[in-house]
Amino acid sequence: MNNSKKILQVAVLVSGGGTNLQALIDAEKQMIADNGFCPYHIALVVSSAKDAYALTRAQNAGINSVVASPSVILGAENAKAASRDEKRLAVSDRVLQLCNENNIEAIVLAGFLTVLAGDVVKEYSGKIINLHPALLPKFGGVGMFGHHVHEAVLAAGEKESGCTIHLVDDGCDTGTILLQKKVPVMPGDTPETLYARIAPEEHKAMVEGLVLLSERLA
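Residues numbered from 1 in each chain as written. Predicted model: local features only at pLDDT ≥ 70, side-chain atom pairs only at ≥ 80, totals over all residues. Heavy atoms only, no water.

### Description of helix H2 (residues 53-60)
Here is step 1: Those residues of H2 that sit buried are Ala54, Leu55, Arg57 and Ala58. Taken down its axis, H2 places every buried residue within 160° of arc, on the same side. Summarising the geometry of H2, the exposed residues directed more than 90 degrees from the buried face are Gln59 and Asn60.
Here is step 2: Once H2 ends, the next one or two residues include Gly62, with phi positive near 75°. (Buried < 20%, exposed > 50% of the residue type's maximum accessible area, 1.4 Å probe, protein only. Helix = DSSP H or I, 4+ residues; strand = E, 2+ residues; numbered from the N terminus. Arc of directions from axis to C-beta.)

If you want it as structure tokens, here you go:
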């Protein structure tokens, strides 16, 4: 076992089922089994939704997990009255607090539906990666997530789609691209069939992207 190499302490931010989180958990275990070393360690999972299945995946893997939804942070009544920007900043500030408390060195957005803002983006500049389910710079920006992206790709008559791992800056899907995976768009595709073709590539890209970030920050 090589203990001299640096292991990046990572927080994974989630909002839903957590299949990309699972890919990272499985890859970490597999790399340790194969080589005795993985360049990253998932030390924290933060969910913006209390009922996200990703939380169960974290618990099953023995990973510290926390819910950071607007209603948990602000209280239910205040969250109802808050603007989108106020909720976004409250979640972002809570993420920063949790990362500082847990000595987190890098952040992975794995289907996290809150666009980070404020100090967390500054403090972790160059240390946050996001997975986007299309080939940026096309089909990015506010409102472009999940099935909305796949619907837009099909409506535009694109011949290919895929996914992108990029660094996060203070824009939305505008940071430096680290890697992309491409798949063909087939005749008769629906958002569901296109997603089914992209999903396995997302899992590979998520792992490759985090390993790449780990090497950059080592």
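### Here's the deal with the sheet that holds strand S1 (residues 8-14)
Here is step 1: The 7 strands lie next to each other as S3-S2-S1-S4-S5-S6-S7, forming an open sheet whose pairing is mixed. Single-partner strands in this sheet number two, and they are strand S3 (65-67) and strand S7 (177-184). Strand-to-strand twist in this sheet, taken as the mean axis angle between neighbours without regard to direction, amounts to 20°.
Here is step 2: Sitting on the sheet, H2 is in contact with S1, strand S2 (40-47) and S3, with an inclination near 155° to S3. (Pairing = 2+ DSSP bridges. Axes fitted to C-alpha atoms, helices over the stretch in contact; angles between N-to-C directions. Contact = heavy atoms within 4.5 Å.)

### Section: the environment of Lys138
Here is step 1: Along the chain, Lys138 turns up in the loop between strand S5 (128-132) and helix H7 (147-155).
Here is step 2: Between the C-alpha atom of Lys138 and that of Ala152, which follows or precedes it by 14 residues, the distance is 9.9 Å.

### Notes on the side chain of Glu28
Here is step 1: Relative to the helices and strands, Glu28 resides in helix H1 (residues 19-35).
Here is step 2: Within the buried core, Glu28 has no salt-bridge partner, and the shortest N-O distance to an opposite charge, that of Lys29, equals 8.9 Å.
Here is step 3: Non-local contacts of Glu28, meaning those with residues more than four positions away in its chain, are made with Cys38, Tyr40, His41 and Ile42. (Lys, Arg positive; Asp, Glu negative; His and termini not counted. Salt bridge = Lys/Arg side-chain N within 4 Å of Asp/Glu carboxyl O.)

### Focus: the pairing of strand S4 (residues 106-109)
Here is step 1: Burial along S4 is two-sided: Ala106 and Val108 and Ile107 and Leu109, pointing in opposite directions, are all buried.
Here is step 2: As paired strands, S1 and S4 are joined by 4 bridges and run parallel to one another. Counterpart to Leu13 in the pairing with S4 is Leu109.
Here is step 3: Bridge count between S4 and S5: 3 bridges; the pairing is parallel. Paired with Val108 across the strands is Ile129, a residue of S5.

### Topic: helix H8 (residues 191-217)
Here is step 1: Here H8 contains 27 residues, and its C-alpha end-to-end distance of 36 Å stays within 8% of the 39 Å for a straight helix at 1.5 Å per residue.
Here is step 2: Its axis deflected by about 30° at Ile198, H8 carries its strongest bend there, up to four residues before the proline Pro200. (Expected span 1.5 Å × (residues − 1). Bend = angle between axes of the 7 residues up to and from the residue.)

### Focus on the packing of H1 against H2
Here is step 1: The contact between H1 and H2 brings their axes to 9 Å, and the two run at 15°. Relative to H2, H1 is oriented roughly parallel. In this structure, H1 meets H2 at a crossing whose hand is right-handed. Across the interface between the two elements, Thr19, Leu21, Gln22 and Ile25 of H1 pack against Ala54, Arg57 and Ala58 of H2. (Parallel < 35°, antiparallel > 145°, perpendicular 65-115°, else oblique. Left-handed = near helix turned anticlockwise from the far one by under 90°.)

### What about the pairing of S2?
Here is step 1: S2 sits mainly inside the fold: 7 of its 8 residues count as buried.
Here is step 2: Regarding topology, H1 serves as the crossover connection from S1 to the parallel S2, and that connection is right-handed.
Here is step 3: Bridge count for S2 against S3 is 3 bridges, and the pairing is parallel. What sits directly across from Val46, in S3, is Val66.
Here is step 4: On the question of chirality, the crossover connecting S2 to the parallel S3 by way of H2 is right-handed. (Right-handed = clockwise from strand over helix to strand, strands pointing away.)

### Section: unusual backbone geometry
Here is step 1: The linkage connecting Leu136 with the following residue, Pro137, adopts the cis geometry, with an omega of 10°.
Here is step 2: Take Pro137: it is sitting in the loop between S5 and H7.
Here is step 3: For Asn103, which is not glycine, the phi torsion reads 55° and is therefore positive.
Here is step 4: Among the structural elements, Asn103 can be located in the loop between helix H5 (84-101) and S4.
Here is step 5: Phi is positive for Asp173, which is not a glycine, with a value near 65°.
Here is step 6: Within the secondary structure, Asp173 is located in the loop between strand S6 (160-167) and S7.

Everything listed here is a matter of geometry and, on its own, says nothing about what the molecule does.
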